[in-house]
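Reading the structure
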Amino acid sequence: MQLTFYIAGAVAIISTIMVITRFNVIHALLYLVVSFMALAVVFFILGAPFAAALEIIIYAGAIVVLIIFVIMMLNLKEEAVDQEKKWLTPDVYVGPAILTIILLSELIYIISLGGASGVVGQVVDVKDVGKSLYGPYILGVELSGMLLMAGIVGAYHLGRKKKKVVHRFLEKIEE
Amino acid sequence: MKLWLIPALPLIGSFILIVAGSRLSKRMVAIVGSGSVGLSALITLFTGYKFISTSATSFHYQAWQWMDVAGFSPAVSFHLDALSLVFIFVITFVGFLIHVYSTEFMADDDGYARFFAYLNLFVCSMLTLVLADNFALLYLGWEGVGLCSYLLIGFWYTEEKNGYAARKAFIVTRVGDTALAIGLFMLFQNFHTLNIQQIAAQAPQQWAVGSETAMVISLLLLGGAVGKSAQLPLQTWLPDAMAGPSPVSALIHAATMVTAGVYLIARTHAIFELAPDALMIVGIIGAATLVLAGFTALTQFDLKRVLAYSTISQIGYMFLALGVSAWSAAIFHFMIHAFFKALLFLAAGAVIMALHHEHDMYKMGGLKKKLPIIYWTFLIGASSLAALPLVTGGFYSKDQILWLSLAGEHGNIWFFLFALLGAFITSIYTFRMLFLTFFGNEKTHVGHIPGNGITIPLLILAGLSTIGGFIELPHSFGHFTVFSNFLNPVLPSVSVQEGFESIEWMIQLIAAGVALSGVYVAYIFYIVKPGLSEELKTSAADLHKFWFNGWGFDSLYDKLFVKPFVFISDINKKDIVDLFYDGLVWISNFFNRIFSYTQSGILRWYIMGIVIGGILLLTLGLIKN
Amino acid sequence: MNEIQVTSGLLLAAALFMLGLIGVLIRRNIIFMLVCVEIMLNSAGLAFIVAGSKWTQPDGQVMFIFILTMAAAEVSVGLALILQIHHQLKTLDGDAANSMRG
């Protein structure tokens, strides 16, 4: 079990690194699917099979497919890859990388202080999650429903290709 | 009891004229303007009749509670006693006559409605001042008349020097007003009330005679009185105040407002009596002022400035009378002075108007035949001012002051000599003015013959200034003391020192002789040998110049206060204190510019900011543990 | 040797979160930024799962589901915005949408 956890973790990290360094969006998304799947394994090992299933269905399935769908709509050409290469230069990533490494090392230090010791792996099955969701968290579920509704309406409103009315935040300053 | 109507009517008139003045016809403006004061004069008459017939000591009327904060509770309430009755009588009647005069005098002026609005407001403030039953309301009236004085001196505001004169009057009197305000604060601190009657009743119990607090408060009140009444050392504003129209000079700067200081001291005589030294200072100021202003009046050539200095001098007499505790004598002189000085100013205004706004006496002359009514009324006024014996009101009032300055319980020989010298000078400059203006050859053509609106008030005032004197006759003839008996409940009578009663007739003889010899001197200099005065002027040119400039007070103040102030403000043009605020502005701008760089609109930089913040927070948390 | 420490799970979450953060910071393409935000959200979900698993409570998974819901809504709106930006500015450069700078 432990070995599987480490392997899956390593796969997740490596594939995530690949995601953020690809020039081609489709390649990056494929690595992203790998990363999500590795995480799903991790979830399973941690005793959350329902979360693992959701991870695959929603993240690796729905969300990634949605993004790919949008990319297809945008109809990106070869120039996009060249553009990405031009954008990703060392003077762009060195600073953020250093900052992030500092932050990471601090986090690692805090975590390894041992404030959160203990063992994980006990299975918490769907039944408990369902009971909890529709018990104490019923308000959260309803709020999530509203959020999704707002998301749908917002996406529809923003996604409309209406020539005349443009969203005021995105109006171009030309002319 | 319609007491409140007396100040309210002019106020209403003023409001009507302010709001609707430009839409009313001149006739309507005149009716509203003088009618309101006329009505309040009628009510005064009615109230006075009731007051005397019921032989009450005071009427009281409370309009409403002004404020009530932590024991400080002045009310808008009026207190009428003999003293204020004399004052409101003079204010409303002389005021009404001057209003009537103004309807003709100001007829061709564009600011007709504005003039009457100010004048009505002034009458209201002055009535509030003298009717107030507490010092807060008195101070309101006090400042109200100051404001109206400012507005009316600068009435013809298109000329710069008029605005300057108005500002000067306002600022110089402000010095005195500040002293008065501090005095009132101290009174409140000591008595926890500003009610005049209560203070007058409590003061003798709280302070011994000669008490230091009483002394300080008296001097502060005196400061206010000196500023308002143009006495030494704050007299410099009054001659310049002649920039206003003549009716204004007559009403405000001769008859009523400038005597507010006399009223204040008479009203607070209970406090002054506890501070004999302060009273002495009042007398000294009066004596010094009357002589100084007299000499200055001798050398002036502007008709109205002569009258202005003579006003200062006559108020000096009133202060002298107050200084020797001759309260009712001061008020008597105030009343007579209001009549004849208003008369003189109005007549001078008529002369000036007739001669196309010519103020220079040396360019006048020979008006005796052209303007007979003006001449005769002016003559009556001048005789009264010069205190020609027996027939003029001024003789009786001034004689009483002369007599009491020597024989009164606080009198002394020096006061008497100064007053006598002043009387001599007074009659010289008065008749110099008369001879220069009305005798000799005609030098300027008479343009405007005054009509009824001007002559009738003059005739009434001439009558008043003559018969007014007979309501108070000295011991030596008749001993007829209606006026001082009337005032006695408010103002205690003064006792005469031992051994002086027998020589009263002698003093009167001396005073009469002095006045007549003054007339004779003027006659010699300006009628018999007109060249003599020029010779004297050139032989003592420096002295003449010194007197002409009012003993150099203006240039002294200019050097002492104005120049240093202008110098300092010149240095401090950019205001050192402002540097601090400019610095604040600069710093805010600086940081604004810096922080506006962070608002690049690039999302990644914002996230970078979040990351840096996160690092800082975590680091802090780690360091703390 | 079959036990997994809480710390290793949290460390994995931290590493993934930082990678997502780096991605957001260094990529100018807004699609990449969106993807990296998804990675960060996902790692946060992982941390919840680890915590829930430690206490053997369902709350961690409940939180994960909420995050998931939020991510789905966010992605849909985000993608609509990307479409609009591309439509308006003819580019996917996130820095180009800076007309609201101070």
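The notes below deal with the structure included here.

Things to note about the overall build of chain A
The helix and strand inventory of chain A stands at seven helices and one strand. Here chain A holds 175 residues, and the buried ones make up 34% of them. For chain A, the share of sequence-separated contacts (at least 6 apart) that also reach a separation of at least 24 residues comes to 62%. Summing over all exposed atoms, chain A offers an accessible surface of approximately 10400 Å²; the carbon and sulfur share of this is 71%.

As for the pairing of strand 2 (residues 75-81) of chain B
Residues and elements named next belong to chain B. Across the seven residues that make up strand 2, a large majority, seven, are buried. In terms of strand pairing, strand 1 (residues 58-65) meets strand 2 through seven bridges, oriented antiparallel. For Gln62, the partnering residue across the bridge sits in strand 2 and is Ser77.

Some details on helix 5 (residues 135-153) of chain B
The end-to-end C-alpha separation of helix 5 of chain B is 26 Å, in line with the 27 Å expected for 19 residues at 1.5 Å each. Taking the backbone nitrogen of Ala136 of chain B as reference, a side-chain oxygen 3.1 Å away marks Asn134 of chain B as the first, capping residue of helix 5 of chain B.

Topic: the interface of chain B and chain C
Between chain B and chain C, the residue contacts involve ten residues of the former and twelve residues of the latter. A combined buried area of about 900 Å² lies between chain B and chain C, and 66% of that area is made up of carbon and sulfur atoms. When the buried area of chain B at its contact with chain C is split by residue, Gly601, Arg604 and Ile607 of chain B rank highest and sum to 52% of it. Between chain B and chain C we count zero salt bridges in total. For the pair chain B and chain C, the interface holds one residue pair in polar contact (both at pLDDT 80 or more). In terms of residue count, the dominant contributor to the side of chain B that touches chain C is helix 27 (residues 603-624) of chain B (five residues). Its residues assigned to classes, the side of chain B that touches chain C shows five nonpolar, four polar and one charged.

Structural notes on the environment of Leu187 of chain B
All names here are of chain B. Tracing the backbone through its elements, the reader meets Leu187 in helix 6 (residues 160-191). Distance from Leu187 to Ile199, taken between C-alpha atoms, is 8.1 Å for residues twelve residues apart in sequence. Those residues in contact with Leu187, other than ones at most four positions away along the chain, are Phe135, His192, Thr193, Ile199, Trp207, Ile217 and Ile271.

Regarding the packing of helix 2 (residues 25-45) of chain A against helix 3 (residues 49-74) of chain A
Residue and element names in this part refer to chain A. One way to put it is that helix 2 packs onto helix 3 with a least axis distance of 8 Å and a crossing angle of 170°. It follows from the interaxial angle that helix 2 and helix 3 lie roughly antiparallel. Residues Val25, Ile26, Leu29, Leu32, Val33, Phe36, Leu39, Ala40, Phe43 and Phe44 of helix 2 form the contact with helix 3, whose own contacting residues are Pro49, Ala51, Ala52, Glu55, Ile56, Tyr59, Ala60, Val64, Ile67, Ile68 and Ile71. In terms of residue class, the contact of helix 2 with helix 3 is made up of 20 nonpolar, no polar and one charged.

Examining the interface of chain A and chain C
The interface is formed by 83 residues belonging to chain A together with 74 residues belonging to chain C. At the boundary of chain A and chain C, one finds one salt bridge. Between Arg27 of chain C and Glu84 of chain A there is a salt bridge, and its shortest N-O distance comes to 2.6 Å. There are nine residue pairs in polar contact (both at pLDDT 80 or more) connecting chain A and chain C. If you list the elements that add at least two residues to the side of chain A that touches chain C, you get helix 1 (2-21), helix 2, helix 3, helix 4 (78-87), helix 5 (90-112), strand 1 (119-120), helix 6 (126-133) and helix 7 (138-159) of chain A. By residue number, the principal contributor to the side of chain A that touches chain C is helix 3 of chain A, which donates 13 residues. Looking at side-chain class alone, the side of chain A that touches chain C contains 60 nonpolar, 16 polar and seven charged residues. Pairing between strand 1 of chain A and strand 1 (residues 4-5) of chain C: two bridges, direction antiparallel. When the bridges of strand 1 of chain C are listed, Val119 of chain A appears paired with Gln5 of chain C.

Side note on a nonpolar patch on the surface
Residues and elements named next belong to chain B. On the surface, a nonpolar cluster with roughly 600 Å² of combined accessible area is contributed by Trp586, Ile587, Phe590, Phe591, Ile594 and Phe595. Mapping Phe590 onto the fold places it in helix 26 (residues 576-598). The class of Phe590 is partly exposed, set by a relative accessible area of 31%.

A look at the packing of aromatic side chains
Per the counting criterion, the structure on display carries 27 aromatic pairs over all chains. Centre to centre, the rings of Tyr101 of chain B and Phe105 of chain B are 5.5 Å apart; their planes meet at 20°, and the pair counts as stacked. In this pair, Tyr101 of chain B and Phe105 of chain B are both assigned in helix 3 (residues 82-105), four residues apart and thus about one turn of the helix distant. For the pair Tyr101 of chain B and Phe105 of chain B, a shared accessibility class is recorded, and that class is buried. Lying over the aromatic face of Phe155 of chain B, Arg114 of chain B brings its terminal NZ or CZ to 4.3 Å of the ring centre. In this structure, Lys54 of chain C is placed above the aromatic ring of Trp55 of chain C, and the distance from its NZ or CZ to the ring centre is 3.9 Å.

Focus on unusual backbone geometry
Residue and element names in this part refer to chain B. A cis amide bond, omega 0°, links Leu232 with the succeeding residue Pro233. In the Ramachandran plot, Ser325 falls in the positive-phi region, its phi being about 65° despite a non-glycine side chain. Positive phi, normally seen in glycine, also occurs at Ala387, with a value near 60°. Tracing the sequence through the fold places Ala387 in the loop between helix 17 (372-386) and helix 18 (393-407). Accessibility expressed as a relative area gives 8% for Ala387, which makes it buried.

A look at the environment of Leu5 of chain B
All names here are of chain B. When you line up the elements, Leu5 lands in helix 1 (residues 5-20). For the pair Leu5 and Leu39, spaced 34 residues apart in sequence, the C-alpha to C-alpha distance is 9.2 Å. Once you skip the residues sitting within four places of it in the chain, Leu5 turns out to touch Pro10 and Ile43.

Description of the packing of helix 14 (residues 303-323) of chain B against helix 19 (residues 413-438) of chain B
Residues and elements named next belong to chain B. Put simply, helix 14 and helix 19 touch, their axes get as near as 11 Å, and they point 160° apart. Comparing their axes, helix 19 and helix 14 come out roughly antiparallel. In this structure, the crossing between helix 14 and helix 19 has a hand that is left-handed. Judged by residue contacts, Leu303, Val306, Leu307, Ser310, Ser313, Gln314, Tyr317 and Leu320 of helix 14 engage Phe415, Ala419, Gly422, Ala423, Thr426, Tyr429, Arg432, Met433 and Thr437 from helix 19. Looking at side-chain class alone, the contact of helix 14 with helix 19 contains ten nonpolar, six polar and one charged residues.

A look at the side chain of Ser40 of chain B
Residues and elements named next belong to chain B. Inspection of the secondary structure assignment puts Ser40 in helix 2 (residues 26-53). The class for Ser40 is buried, based on a relative accessible area of 0%. Ignoring sequence-local partners within four residues, the contact set of Ser40 consists of Ile6, Leu9, Pro10, Thr92 and Leu127.

Cut-off values and rules
- Residues numbered from 1 in each chain as written.
- Chains lettered and ligands numbered in written order.
- Predicted model: local features only at pLDDT ≥ 70, side-chain atom pairs only at ≥ 80, totals over all residues.
- Heavy atoms only, no water.
- Helix = DSSP H or I, 4+ residues; strand = E, 2+ residues; numbered from the N terminus.
- Buried < 20%, exposed > 50% of the residue type's maximum accessible area, 1.4 Å probe, protein only.
- Contact = heavy atoms within 4.5 Å.
- Areas by Shrake-Rupley, 256 points an atom, 1.4 Å probe, with all protein chains shown as cover.
- Pairing = 2+ DSSP bridges.
- Expected span 1.5 Å × (residues − 1).
- Polar contact = N/O pair within 3.5 Å; in protein donor to acceptor, adjacent residues only side chain to side chain.
- Buried area = accessible area lost by both parts, 1.4 Å probe.
- Salt bridge = Lys/Arg side-chain N within 4 Å of Asp/Glu carboxyl O.
- Nonpolar A, V, L, I, M, F, W, Y, C, P; charged D, E, K, R; others polar.
- Axes fitted to C-alpha atoms, helices over the stretch in contact; angles between N-to-C directions.
- Parallel < 35°, antiparallel > 145°, perpendicular 65-115°, else oblique.
- Patch = residues over 30% accessible without salt bridge, like charges linked within 9 Å, V, L, I, M, F, W, Y side chains within 5 Å.
- Phe/Tyr/Trp six-rings, centres within 6.5 Å; stacked < 30°, edge-to-face > 60°.
- Lys NZ or Arg CZ within 6 Å of the ring centre and 35° of its normal.
- Left-handed = near helix turned anticlockwise from the far one by under 90°.

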